[in-house]
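# Structure assessment
The lines below spell out each chain.
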Amino acid sequence: MISQTEPVLARRMRIRHETIFSYDAEVSASYNEVRMTPVSNDHQTAADNRIEVRPTSASYRYRDYWGTIVHAFDTSAPHRELRVVASSLVDTRSGTDRRGESAGWEGLKDPKIRDGYAEWLIQTGRTEPDAELRDLAAEVVRGTTPGEAARAASEFVHDKIDYVPGVTGVHSRIGDVWSERKGVCQDIAHLTITLLRLAGIPARYVSGYLHPRADAEVGETVTGQSHAWVEWWDGDWTAFDPTNAIPAGERHVIVGHGREYGDVTPFKGLYSGSAGSTLEVKVQIARLF
């Protein structure tokens, strides 16, 4: 007997992520780390990655606790601009998750499972729910299986939260997002994770990139941005993009996983001096096949 499976789609993508900090006076030093290097796993293969920093800086790479590749560097020469360019070449595949059987609701209650996935079940400062969200989870996260419930919760958040840039910030609480019914992909992922964890479904935040156009021509460079989606565990990890209400597939490129945004922030840093700064970010993505 021949089993039927979802067709596997593949793409090669070139990504250029440029970050520019401009200072209104000279700063004496800066200390930074970036998480912009795609990982290699069952979903994708990172064929090439390089990070260029100007002014030239001492740097080193390491994997953090969550498995994300971190490029850390410090600049001790006085400067008025810091420019970081991360360039990547990644082969992605769809239809690569969901290898195991569903754990079922009873399986998720197993103390060994709850202990093994404890970090994906505990709420954080950005996902901590208020009383209204706790009550809402009982109504929304329903389904014969945890996977069906997780899909329903993701689609519920997609339907209820309007994608509106500029309404929230990286420190916004999930209760504020729900109150405003507006946010960006980070907020939508956080709210989805909140509901899943309330239901006892391990859930994690995924940081990376999304090619914004499914119909883009091969070789065409388009403007993109950093993106966030979720993965839940019910016997195996399943990736879903609640901002777009689609399974994460060949257009998604994974940089890292964490409990929430703070674990996989693309750029963290501080500088020495009293100068003010402005930030400019440019992401360009091209499909090569």
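Before reading on, note that the structure itself is shown above.
These remarks concern the structure in this document. Because the structure is a prediction, the values reported are computed rather than measured.

With that settled, consider the packing of helix H3 (residues 131–140) against helix H6 (residues 185–198). Relative to each other, H3 and H6 sit at 75°, their axes nearing to 9 Å. Between H3 and H6, the crossing angle belongs to the class labelled roughly perpendicular. Residue-level inspection shows Leu133, Arg134, Ala137 and Val140 of H3 in contact with H6, the latter providing Leu191, Leu195 and Leu198. Partitioned by chemical class, the residues of the contact of H3 with H6 number six nonpolar, no polar and one charged.

Let's shift gears to the pattern of salt bridges. Overall, the coordinates contain 16 salt bridges when judged by the stated rule. Across the salt bridge formed by arginine 35 and glutamate 33, the nearest N and O atoms sit 2.8 Å from each other. For the pair arginine 35 and glutamate 33, a shared accessibility class is recorded, and that class is buried. In this structure, the salt-bridge partner of aspartate 215 is arginine 213, at a minimum N-O distance of 3.5 Å. Residue arginine 213 is classed as partly exposed on the basis of its relative accessible area, which comes to 33%. Among the ionic contacts, a cluster of salt bridges with common partners joins Arg16, Glu18, Glu81 and Arg83.

Attention shifts here to helix H4 (residues 146–160). If you check H4, its first and last C-alpha atoms are 21 Å apart, about what 15 residues at 1.5 Å a residue would give, namely 21 Å. Residues Pro146, Gly147, Ala149, Ala150, Ala153, Ser154, Phe156 and Val157 constitute the buried set of H4. Where the residues of H4 are buried, they touch helix H1 (104–108), H3, helix H5 (174–180), H6, strand E11 (226–233) and strand E12 (237–241).

Turning next to empty space enclosed by the protein. As enumerated under the stated definition, the model contains one cavity of 30 Å³ or more in all. In this structure, the largest cavity encloses a volume near 40 Å³. If you go around the largest cavity, the residues you meet are His17, Arg35, Ser207, Gly208, Tyr209, Ser226, Val255 and Pro266. In terms of residue count, strand E9 (residues 203–210) provides more of the lining of the largest cavity than any other element does, three residues in total. For the lining of the largest cavity, the class distribution of residues is three nonpolar, four polar and one charged.

With that out of the way, let us pick up the layout of surface pockets. Of the volumes computed, that of the largest pocket is approximately 930 Å³. If you go around the largest pocket, you meet 41 residues; those closest to its centre are Val170, Gln186, Tyr261, Leu279 and Val281. Elements with a minimum of two residues in the lining of the largest pocket: strand E1 (10–27), strand E2 (29–34), H6, E9, E11, strand E15 (267–272) and strand E16 (277–287). Residues of the lining of the largest pocket, tallied by class, amount to 19 nonpolar, 17 polar and five charged.

Attention now goes to the side chain of threonine 192. Within the secondary structure layout, threonine 192 lies in helix H6. Exposure remark for threonine 192: the relative accessible area of 0% places this residue in the buried category.

Here we come to the pairing of E12. Of all five residues making up E12, five are buried, and the element is well covered by its neighbours. Side chains Trp237, Ala239 and Asp241 of E12 all project onto a buried face; the interleaved residues Thr238 and Phe240 project onto the opposite face, where all are buried too. The turn joining E11 and E12, which pair antiparallel and follow one another in sequence, is formed by three residues; a positive phi near 120° is taken by glycine 235. Looking at chain direction, E12 and strand E13 (residues 246–247) are connected through two bridges and run antiparallel. If you follow phenylalanine 240 over to E13, its bridge partner there is proline 247. Hairpin geometry of E12 and E13 is characterised by an intervening segment of four residues between the two adjacent antiparallel strands and by a positive phi of about 55° at alanine 245.

What follows deals with the sheet that holds E13. Spatially, five strands are ordered E13-E12-E11-E9-E14 in an open sheet, and the strand pairing comes out antiparallel. The open sheet terminates on both sides in strands that have one partner only, identified here as E13 and strand E14 (252–258). Together, E11, E12 and E13 form the strand contacts of H4, whose direction differs from that of E11 by roughly 150°. Each of E9 and E11 touches H6; the most contacted strand, E11, lies at about 10° to it.

On the surface, Asp130, Glu132, Asp135 and Glu139 cluster together into a negatively charged patch. Following the sequence through the fold, glutamate 139 ends up in helix H3.

Calculation rules
- Residues numbered from 1 in each chain as written.
- Predicted model: local features only at pLDDT ≥ 70, side-chain atom pairs only at ≥ 80, totals over all residues.
- Heavy atoms only, no water.
- Axes fitted to C-alpha atoms, helices over the stretch in contact; angles between N-to-C directions.
- Helix = DSSP H or I, 4+ residues; strand = E, 2+ residues; numbered from the N terminus.
- Parallel < 35°, antiparallel > 145°, perpendicular 65-115°, else oblique.
- Contact = heavy atoms within 4.5 Å.
- Nonpolar A, V, L, I, M, F, W, Y, C, P; charged D, E, K, R; others polar.
- Salt bridge = Lys/Arg side-chain N within 4 Å of Asp/Glu carboxyl O.
- Buried < 20%, exposed > 50% of the residue type's maximum accessible area, 1.4 Å probe, protein only.
- Expected span 1.5 Å × (residues − 1).
- 1 Å grid on protein atoms, 1.4 Å probe; cavity = no way out; pocket = protein on both sides within 12 Å on 5 of 7 lines; lining within 4 Å.
- Points joined across faces, edges and corners; volume = space filled by probe spheres on them.
- Pairing = 2+ DSSP bridges.
- Patch = residues over 30% accessible without salt bridge, like charges linked within 9 Å, V, L, I, M, F, W, Y side chains within 5 Å.
- Areas by Shrake-Rupley, 256 points an atom, 1.4 Å probe, with all protein chains shown as cover.
- Lys, Arg positive; Asp, Glu negative; His and termini not counted.
- Charge placed at Lys NZ, Arg CZ, Asp CG, Glu CD.

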